[in-house]
Amino acid sequence: MHTSVRCVLGRGELVSVGLLGTSMVGASWLLGMFAELRGCCARDCWGWRRKTWVWKGSVQRLTCPLLSVTLLVSFGSSMLYGYNLAVVNSPAVHIKAFYNATWSQRYGHGLPPGPLTLLYSLTVSIFALGGLGGSLLVGMLVARYGRHGTLGRSALLVLLAGGLMAFSRQLAAPEMVIIGRAITGLHSGICLSVVPLYLGEIAPKNLRGFLGLLPSIFICLGVFCAQVLGLPELLGQDRYWPLFLAVVAIPASLQLLLLHCFPESPRFLLIERNDVCGSTEALRRFLGTSDVQEVLEEMKEEQRSLSLVQTVSVWQLLQERSVRWQTLSVAVVNVGMQLSGIDAIWFYTNTIFRNAGIPESQIPYTTVGTGAIEVVAGLIGCFTIEKLGRRPLIITGFCAMGTCLAGITGCLLLQAALPWMRYVAVACVVGIIAGFCMGPAGVPFLMTAELFTQSHRSAAYVLGGSLNWLCNFTIGFIFPFLQMSTGAFSYLVFCGVCLLVALYVYLIVPETKNKTFMEISRVFAARQPLAPLCHAGMLRLRGYGAVESSLEGSEHSLP
């Protein structure tokens, strides 16, 4: 296996070959797992009708329309987020040279190193600033255009951004690169919230985890595509970097052409538009059966419970005591997702490998190897979430990241005395990315959909998305300066964040696997506030950390 990979890569030596070999082993194991999953499905099947599976009982199974729309929006929206995270990594030298040359043409002198680094940091982090703006618009857009309509219209932003970046060098306008990055960030800010919102509402409860994590796989796939296309043999050359940035227009165009073939979210149509016929037809399309009465009744129950409740704003969400723990949990996991340091790893992978002592000629291939492992790790998380649950994946992921971040610090401190520590540092980078892709990459977005009912869900996505992007911008902007001032110890900050978030999830967040939105809401409604913990004789902690009354029949609500 290693020999054949070496022949393909040529310049990729021991490190990159080993990484790719590991990813192939993982892919082989995953194919066997998928075959087993299909075998299990076949044992419960009534039959094959119109390219969909029709299943016994209330347990719904995957149908072609469900899988197709999930793959389409993941490819046309979520993958662009991952691509744009990593696309500025490979051509960093070429982009800086373009900025410097343009500045020299305009003002007669080049940029000093400090301002040049600042301008490039702005190019990197403006993507997150645009994402913050997009996340703030989510509530208004999904209320006006629906989930489906918002995804379709937002694809137009990518076409505009791709055009600006593609022609930036011909017009000698660095501003077009920065504006294009901001617009792609705006698109990702919208879609990073709307895609899981849409999929969470169309998926049956037993498939919500699987379909909810597919976008995170495409985020990893987007990072991997950016790493592969950024190789010197492909688009990593100086003359191709504008095209490299503009490739995002291709998936967006495909989504724009095909998304109209699928219906709007049935839950949105029924609860927010009161369109019973449209909701029923959408359910039949997605579930592949005409018998949707049970699912429709569950949605009507939620509609009745929210009949006197209007859709809340972010400010109302923050003030509402009955959902305080859900709101806090969404804030913690979204902030932790970005302050875990994953964006610092993605944005500056080449720099990290260079500081770890990896030869310059091997860095692009080492980066591609880590990207392949990202995809495999994401697939493993996707295929195990319905078996293991949400909590084990996110806790294990954050713990693995924290451990590897501490390992990077140790490696960078010891590599001068122990040259082989540079390879341990690469392994730690791989561990961070794999741990992130298995759980923290997708579970926070899935949790945001699951922890709230329809009236609060849009505001929760605005809050979670805003915090996510604000932290993304902060990390992307300050990490180069943090690294220059603290060196190897900069990674210990991220290590502490990862371990604290894992502890919070272990103590506070319940498991939501195979529960309806109303059932999850009741779990939180029955939970005690943490303040009365001093009354130890009346309260006890259950296995996942929820505080419940030991007196039967007593009812409490959150503060």
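Calculation rules
Residues numbered from 1 in each chain as written. Predicted model: local features only at pLDDT ≥ 70, side-chain atom pairs only at ≥ 80, totals over all residues. Heavy atoms only, no water. UniProt positions renumbered as here; feature names shortened; annotations may be inferred. Helix = DSSP H or I, 4+ residues; strand = E, 2+ residues; numbered from the N terminus. Buried < 20%, exposed > 50% of the residue type's maximum accessible area, 1.4 Å probe, protein only. Lys, Arg positive; Asp, Glu negative; His and termini not counted. Salt bridge = Lys/Arg side-chain N within 4 Å of Asp/Glu carboxyl O. Polar contact = N/O pair within 3.5 Å; in protein donor to acceptor, adjacent residues only side chain to side chain. Contact = heavy atoms within 4.5 Å. Expected span 1.5 Å × (residues − 1). Arc of directions from axis to C-beta.

The name recorded for the protein in an unreviewed UniProt entry is Major facilitator superfamily (MFS) profile domain-containing protein, from Gallus gallus. Reading the Sequence similarities (unreviewed entry) entry of the UniProt record for the protein gives the comment "Belongs to the major facilitator superfamily. Sugar transporter (TC 2.A.1.1) family." The Subcellular location (unreviewed entry) comment attached to the protein in UniProt states, word for word, "Membrane".

Student: Requested: an account of the side chain of E264, with residues and values cited.
Tutor: Within the secondary structure layout, E264 lies in the loop between α9 (249-258) and α10 (266-272). Despite its burial, E264 pairs with no opposite charge, the nearest such side chain being R147 at 5.4 Å. At 3.2 Å, the side chain of E264 forms a polar contact with the backbone nitrogen of R147. At a separation of 3.1 Å, a polar atom in the side chain of E264 contacts the main-chain amide nitrogen of H148. Residues contacting E264, with those up to four places away along its chain left out, are Y145, G146, R147, H148, G149, Y198, L269, A282 and F286.

Student: Requested: an account of helix α4 (residues 92-107), with residues and values cited.
Tutor: With 16 residues, α4 should reach 22 Å at 1.5 Å per residue; the first-to-last C-alpha distance of 22 Å fits that figure. Here α4 has its buried residues at A92, H94, I95, F98, Y99 and T102. Backbone geometry just downstream of α4 places G108 in the positive-phi region, at approximately 85°.

Student: Lay out helix α12 (residues 293-305) in plain terms, naming residues and giving numbers.
Tutor: Note on helix geometry: an α-helix contains 3.6 residues per turn, so any two residues three or four positions apart are oriented the same way. Relative to the 18 Å expected for 13 residues at 1.5 Å per residue, α12 spans 18 Å between its end C-alpha atoms, a close match to the ideal helical length. Taken together, the buried positions of α12 are occupied by L296, E298, M299, E302 and Q303. Projected down its long axis, α12 carries its buried residues within an arc of 160°, all on one side. Facing away from the buried side of α12 by more than 90 degrees, the exposed set consists of E294 and R304.

Student: Quick rundown of unusual backbone geometry? Include the residues and the values.
Tutor: Residue A172 is not a glycine yet carries a positive backbone phi of 50°. Tracing the backbone shows A172 in the loop between α5 (113-166) and α6 (174-202).

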